[in-house]
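Chain by chain, the residues:
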Amino acid sequence: MSVMDRIKAEVESHPIVLFMKGTPQFPMCGFSSRAAQALKTAGASSFHSVNVLADPEVRANLPRYSDWPSFPQLFVNGELIGGCDITMDLLASGELARMVAEAQKAA
């Protein structure tokens, strides 16, 4: 399976996917930590995370897949939402909580 197919499979098989540096329990970057915390604050009781530091192929190819240059990258229901700044803005507006609730309801 190609790395692009692996990325697509991750995105499509989980309602909420956060590609991040490290893990939600042990983030390896402040932006990844903030994005994971935003998901928890928005009510994501569980979400799938992919540690891009543990998979250099995913780290190298995810920006091509998503057309987004940096990490973390949040996907909800297969759609790229964005990085840390967008996730934090959505949290502040209440929109992230709505998105999380809908994604978890559909799962």
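Q: Got a sec to walk through the overall build of the chain? Specific residues and values, please.
A: Within the chain, the secondary structure is distributed over 5 helices and 4 strands. Computed over C-alpha atoms, the radius of gyration of the chain comes to 13 Å, within 12% of the 13 Å expected from 2.2 N^0.38 for 107 residues, which places it in the range of a compact globule. With the C-alpha coordinates aligned to their principal axes, the bounding extent of the chain is approximately 35 × 30 × 25 Å. The buried share of the chain, taken over its 107 residues, is 38%. When the accessible surface of the chain is summed, it comes to about 5,700 Å², and 53% of that surface belongs to carbon and sulfur atoms. Charged side chains in the chain number 9 positive and 11 negative. The centres of these two groups are separated by 4 Å.

Q: Could you give an account of helix α5 (residues 95-106), with specific residues and numbers?
A: Three or four residues apart is the spacing at which side chains of an α-helix point the same way, because the helix has 3.6 residues per turn. With 12 residues, α5 should reach 16 Å at 1.5 Å per residue; the first-to-last C-alpha distance of 17 Å fits that figure. Regarding α5, the residues found buried are L96, M99, V100 and A103. The buried side chains of α5 occupy one side of the element, clustering within an arc of 100 degrees when seen end-on. Where α5 is buried, its residues touch β1 (16-20), α2 (30-41), β3 (73-76), β4 (79-82) and α4 (84-93).

Q: Can you tell me about α2, naming the residues and giving the values?
A: Here α2 spans 16 Å end to end across 12 residues, near enough to the 16 Å set by a 1.5 Å rise per residue. Along α2, the positions that sit buried rather than exposed are S32, A35, A36, A38 and L39. Buried residues of α2, seen end-on, are gathered within an arc of 155 degrees and therefore sit on one face of the element. After α2 finishes, the residue G43 shows a positive phi value of roughly 100 degrees.

Q: Please provide a residue-by-residue account of the sheet that holds β3, values included.
A: The sheet built from 4 strands is open, its strands ordered β2-β1-β3-β4 with mixed pairing. At either margin of the open sheet sits one strand with a lone partner, and together these are β2 (48-51) and β4. Taking the axes of each pair of neighbouring strands and ignoring which way they run, one obtains an average angle of 25 degrees across the sheet. Pairing analysis gives 4 bridges linking β1 to β2, with the strands arranged parallel. Residue V17 lies in a different strand from β2, and its bridge partner there is H48.

Rules and cut-offs
Residues numbered from 1 in each chain as written. Predicted model: local features only at pLDDT ≥ 70, side-chain atom pairs only at ≥ 80, totals over all residues. Heavy atoms only, no water. Helix = DSSP H or I, 4+ residues; strand = E, 2+ residues; numbered from the N terminus. Rg over C-alpha atoms; globule rule 2.2 N^0.38 Å. Buried < 20%, exposed > 50% of the residue type's maximum accessible area, 1.4 Å probe, protein only. Areas by Shrake-Rupley, 256 points an atom, 1.4 Å probe, with all protein chains shown as cover. Lys, Arg positive; Asp, Glu negative; His and termini not counted. Charge placed at Lys NZ, Arg CZ, Asp CG, Glu CD. Expected span 1.5 Å × (residues − 1). Arc of directions from axis to C-beta. Contact = heavy atoms within 4.5 Å. Pairing = 2+ DSSP bridges. Axes fitted to C-alpha atoms, helices over the stretch in contact; angles between N-to-C directions.

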